[in-house]
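Results of the structural survey
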Amino acid sequence: MENEAGALSRVAGLFSARGYNIESLTVAPTEDSSLSRMTLVTSGTDEIIEQITKQLNKLIDVVRLMDMTEGPHIEREMMLIKVRAQGEHRNELKRVSDIFRGRIIDVTDQSYTIEMTGAGDKLDAFVQALEPGLIIEVVRTGVSGIGRGDRSLKL
């Protein structure tokens with residue numbers, strides 16, 4: 001989409017006006033500073049997804065649209081999770097973090113902040129593997145995706 005003021009607002013407005021839910025939304029400039037790449041996750045029947053696609057293609061700010069689910073692609077999400085890390089929990093949290101290939105990026109006497117990247121299911125599984133009382137805060141970026149192999153979103 002065009003990297004201009006109001007472009008994101010018009011996309012969000014399209015969804016809210018029609019009662020569609022945006023489950024995840026990430027936007028950032030591309031190698032071309034006049035364009036931004038938006039990765040939007042939503043759900044619905046095939047008919048609803050087709051309708052959303054048609055409506056998005058009508059927006060002047062949208063340069064090109066690709067439904068990632070129509071072909072091979074890679075999805076990743078990043079999570080920062082702050083957990084209580086005291087006493088015997090410190091070693092266990094380090095071990096579980098290592099199993100899920102997380103990185104402890106901040107350490108205090110009371111807590112660890114762990115960075116983890118991967119598919120949403122992996123991040124969900126990590127959160128489920130922790131004792132609920134240990135979790136202080138969770139922040140997730142939302143999904144970013146890219147086509148596999150020769151499949152790309154180039155103009």
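Sequence order sets the numbering: in each chain, residues are counted from 1 along the sequence as written. Local features in this predicted model are restricted to residues of pLDDT 70 or higher, and side-chain atom pairs are both shown and tallied only at a pLDDT of 80 or more, whereas totals for entire chains, interfaces and linings draw on every residue. Only hydrogens and water are set aside; all other atoms, that is, all heavy atoms of the structure, feed into the side-chain values.

**Points about the nonpolar core**
Note on terminology: a nonpolar core comprises buried Ala, Val, Leu, Ile, Met, Phe, Trp, Tyr and Cys residues joined through side-chain atoms within 4.5 Å. Three labels apply to residues, based on accessible area from a 1.4 Å probe with only protein chains included: buried if under 20% of the type maximum, exposed if over 50%, partly exposed otherwise in between. By size, the foremost hydrophobic cluster in this structure holds 15 residues, and its most contacted members are I81 and F126. Helix and strand definitions follow DSSP, with helices as H or I runs of at least four residues and strands as E runs of at least two, each counted in order from the N terminus. Counting only elements with at least two residues in this core, the list comes to β3 (73–84), α3 (89–99), β5 (111–118) and α4 (120–129). Contact definition: two residues touch when any of their heavy atoms are within 4.5 Å. With residues up to four places along the chain from it excluded, the contact list for I81 reads Y112, T113, I114, F126, V127, L130, I135, E137 and V138. The next biggest cluster of nonpolar side chains, apart from the first, holds nine residues, and it includes L14, F15, L59 and V62.

**As for the layout of surface pockets**
Taken as a whole, the largest pocket encloses approximately 1000 Å³ of empty space. Grid points spaced at 1 Å over the protein atoms alone were grouped into cavities, where a 1.4 Å probe fits but cannot get out, and pockets, open sets with protein on both sides within 12 Å along at least five of seven lines, with lining residues defined by an atom within 4 Å of a point. In this structure, the largest pocket is lined by 35 residues; those nearest its centre are M38, T39, L40, M66 and M68. Those elements giving two or more residues to the lining of the largest pocket turn out to be β2 (36–41), α2 (46–58), β3 and β7 (144–147). Residues belonging to the lining of the largest pocket are distributed by class as follows: 18 nonpolar, nine polar and eight charged. Grid points are joined across faces, edges and corners, and a volume is the space filled by probe spheres set on the points. All amino acids are sorted into three groups, where Ala, Val, Leu, Ile, Met, Phe, Trp, Tyr, Cys and Pro are nonpolar, Asp, Glu, Lys and Arg are charged, and the leftover types, Gly among them, are polar.

**Looking at the confidence of the model for the protein**
Each residue carries a pLDDT score, the predictor's confidence in it, ranging from 0 to 100. Averaged over the protein, the pLDDT score is 91; the fraction of residues at 70 or greater is 99%. Ranking the helices and strands of the protein by mean pLDDT puts strand β4 (residues 103–107) first, with 98, and β7 last, with 87.

**Describing α4**
Along α4, the residues classified as buried are L123, F126 and V127. Buried residues in α4, looked at end-on, bunch into an arc of 100°, giving them a common side. Across from the buried face of α4, at angles greater than 90 degrees, the exposed residues are D121 and Q128. Picture the helix axis, draw a direction to every C-beta atom, and the arc is the one those directions span.

**A few points about unusual backbone geometry**
Even without glycine at this site, R101 takes up a positive phi of about 60°. Its location among the elements puts R101 in the loop between α3 and β4. Under the relative-accessibility criterion, R101 is labelled exposed at 72%.

**What about the packing of aromatic side chains?**
Stacked, edge-to-face and tilted labels apply to pairs of Phe, Tyr and Trp rings (six-membered ring for Trp) whose centres lie within 6.5 Å, assigned for plane angles under 30 degrees, over 60, and everything in between, in that order. Scanning the entire structure with this criterion turns up two aromatic pairs. When the centroid spacing of 5.3 Å and the interplanar angle of 70° are considered together, the rings of F100 and F126 count as edge-to-face. Here F100 is found in the loop between α3 and β4, whereas its partner F126 is found in helix α4, with 26 residues between them in sequence. The same class applies to F100 and to F126, which are both buried.

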